[in-house]
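# Observations on chain architecture
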Amino acid sequence: MDFYKEVKQIFTNYEQKFGLKLIEIDDHEVAFIGNDYALGIGWSLDGIDLHYFQLINSTLCKFSLDVLLDSKLTQRERAGIVLSKTIYEKIINELIICERGIGNHFQEMLKGNHLSCLSDKEFVTVTEKNIIEHELLSNK
């Protein structure tokens, strides 16, 4: 399975439509690069993880959208999410949960808008720092 190709296929029009650049971080993580933020999508045996990256005072910061969503979603809002078996289904489920939990923030981020309700920062890997930070700095 090629995670990058799967995500590229799912979001076929987003790159051109919203001026984003999809990059591969590693075999299990990709990121959409905006003007001054990045939206990471990672895959593991636990499922799909969504992260928001932003340069704050020239330092790359990473925020978990999952933590943000878990704090905002009720059990009722989670209703109707079917168990997913494919990468496509997992990403679509995360997007549905995201839309229910934080309004249209995911769509706004894909369109180039900032996420204002940030939670605690997470650890940025060396690979993420090298690739995402480079991409964000080259956009300035």
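Remember, it's a predicted structure, so these values are computed and weren't measured experimentally.

### A look at the overall build of the chain
- Of the regular secondary structure elements, the chain holds 7 helices and 6 strands.
- Taken from N to C terminus, the helices and strands of the chain fall in the order α-α-β-β-β-β-β-α-α-α-α-β-α.
- For the chain, the share of sequence-separated contacts (at least 6 apart) that also reach a separation of at least 24 residues comes to 56%.
- Here the chain displays about 7,900 Å² of accessible surface, and carbon together with sulfur accounts for 48% of that area.

### Structural notes on the sheet that holds strand β6 (residues 121-122)
- One open sheet holds the 6 strands; their spatial order is β1-β2-β3-β4-β5-β6, and the pairing between them is antiparallel. Since the sheet does not close on itself, it has two edges, and those belong to β1 (21-26) and β6, each with one partner.
- Of the pairings in the sheet, the one linking strand β3 (residues 37-44) to strand β4 (residues 47-56) comprises 8 bridges and is antiparallel in character. Bridge pairing links Leu-39 to Tyr-52 in β4.
- Running over the sheet, helix α7 (residues 126-138) touches β1, β2 (29-33), β3, β4 and β5 (59-64) and is turned about 160 degrees from β1.

### Things to note about the environment of Val-30
- Locating Val-30 in the fold gives a position in strand β2.
- Placed 26 residues apart in sequence, Val-30 and Tyr-4 show a C-alpha to C-alpha distance of 6.3 Å.
- Excluding residues within four positions of it along the chain, Val-30 makes contact with Phe-3, Tyr-4, Val-7, Leu-22, Ile-23, Glu-24, Ile-25, Leu-39, Gly-40 and Ile-41.

### Details of helix α1 (residues 3-10)
- Where α1 is concerned, the buried positions are Phe-3, Val-7 and Ile-10. One side of α1 carries all its buried residues, which in axial view fall inside an arc of 60 degrees. The exposed residues of α1 that point more than 90 degrees off its buried face are Lys-5 and Gln-9.
- Where α1 begins, the side chain of Asp-2 points an oxygen toward the backbone nitrogen of Tyr-4, at a separation of 3.2 Å.

### A look at the packing of aromatic side chains
- Applying the stated rule across the entire model yields 2 aromatic pairs.
- Seen from their ring centres, Tyr-37 and Tyr-52 are 5.8 Å apart, and the 15 degrees between their planes marks the pair as stacked. Here Tyr-37, found in strand β3, pairs with Tyr-52, found in strand β4; they are 15 residues apart in sequence, far enough to count as distant. Note on accessibility: Tyr-37 and Tyr-52 belong to one class, buried.

### Concerning the pattern of salt bridges
- Under the criterion given, the structure shown has 3 salt bridges.
- For Lys-21, the salt bridge is made with Glu-135, and the minimal N-O distance between the two is 2.9 Å. Remark: Glu-135 occurs in helix α7 and Lys-21 occurs in strand β1; sequence separation between them is 114 residues.
- The exposure class of Lys-21 is partly exposed, given its relative accessible area of 42%.
- By relative accessible area, Glu-135 is classed as buried at 13%.
- One salt bridge in this structure joins Lys-62 and Glu-128, with 3.0 Å as the shortest N-O distance. Note that Lys-62 is positioned in strand β5 and Glu-128 in helix α7, a separation of 66 residues in sequence.

Calculation notes
Residues numbered from 1 in each chain as written. Predicted model: local features only at pLDDT ≥ 70, side-chain atom pairs only at ≥ 80, totals over all residues. Heavy atoms only, no water. Helix = DSSP H or I, 4+ residues; strand = E, 2+ residues; numbered from the N terminus. Contact = heavy atoms within 4.5 Å. Areas by Shrake-Rupley, 256 points an atom, 1.4 Å probe, with all protein chains shown as cover. Pairing = 2+ DSSP bridges. Axes fitted to C-alpha atoms, helices over the stretch in contact; angles between N-to-C directions. Buried < 20%, exposed > 50% of the residue type's maximum accessible area, 1.4 Å probe, protein only. Arc of directions from axis to C-beta. Polar contact = N/O pair within 3.5 Å; in protein donor to acceptor, adjacent residues only side chain to side chain. Phe/Tyr/Trp six-rings, centres within 6.5 Å; stacked < 30°, edge-to-face > 60°. Salt bridge = Lys/Arg side-chain N within 4 Å of Asp/Glu carboxyl O.

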